[in-house]
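Listed here are the chains, written in short residue letters.
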Amino acid sequence: MQKQVTAEDIGLAAAGLLLDQVKKGGNVDSHHQLFCLLLAAIAPDNVTRVRLGPLTPAGDAGLTLRRDFFSISFSTKKDTTYSYSPTTIYSCIGASLTNVSKKSA
């Protein structure tokens, strides 16, 4: 017989995962690093910066793909402002992609 999972159990698990992400620092959680770096790569040709905690394997692979596909490289700067969770600031100049299927008014 399986143990019944209560709403309190789910809430405790979710709170634990949230606190783990906060402890890692950064402005983006680990699961969304890939998407945030993609948005920075296709942004207008301005400097885009994002603060991330430890880079996940998916985020690392995403940096390689962006370099190969968009010819965009990210510069990195370690930020030790908060000693309990050092972060890295990634910055790039976007590829300035536009939506060619968008109808103009």
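Quick note: structure is the one above.
Residues numbered from 1 in each chain as written. Predicted model: local features only at pLDDT ≥ 70, side-chain atom pairs only at ≥ 80, totals over all residues. Heavy atoms only, no water.

Draft legend 1. Region of the structure containing helix 2 (residues 33-42). Every buried residue belonging to helix 2 is among Gln33, Leu37, Ala40 and Ala41, and all of these are buried. For helix 2, the arc enclosing every buried residue in end-on projection is 100°, short of the 170-degree limit, so these residues lie on one face. Along its buried surface, helix 2 packs onto strand 1 (47-52), helix 3 (57-70) and strand 3 (87-93). (Buried < 20%, exposed > 50% of the residue type's maximum accessible area, 1.4 Å probe, protein only. Helix = DSSP H or I, 4+ residues; strand = E, 2+ residues; numbered from the N terminus. Arc of directions from axis to C-beta. Contact = heavy atoms within 4.5 Å.)

Draft legend 2. Highlighting the nonpolar core. Counting 11 residues, the largest nonpolar core is built from Val28, Leu37, Ala40, Ala41, Val50, Leu52, Leu63, Ile72, Phe74, Tyr90 and Cys92. Of all elements in the fold, only helix 2, strand 1 and strand 3 reach the threshold of two or more residues within this core. Among the elements that line this core, the one with the most residues is helix 2, at three residues. Ala41 has contacts with Arg66, Phe70, Ile72, Phe74, Cys92, Gly94 and Ala95, leaving out every residue within four places of it along the chain. (Core = buried A, V, L, I, M, F, W, Y, C linked by side-chain atoms within 4.5 Å.)

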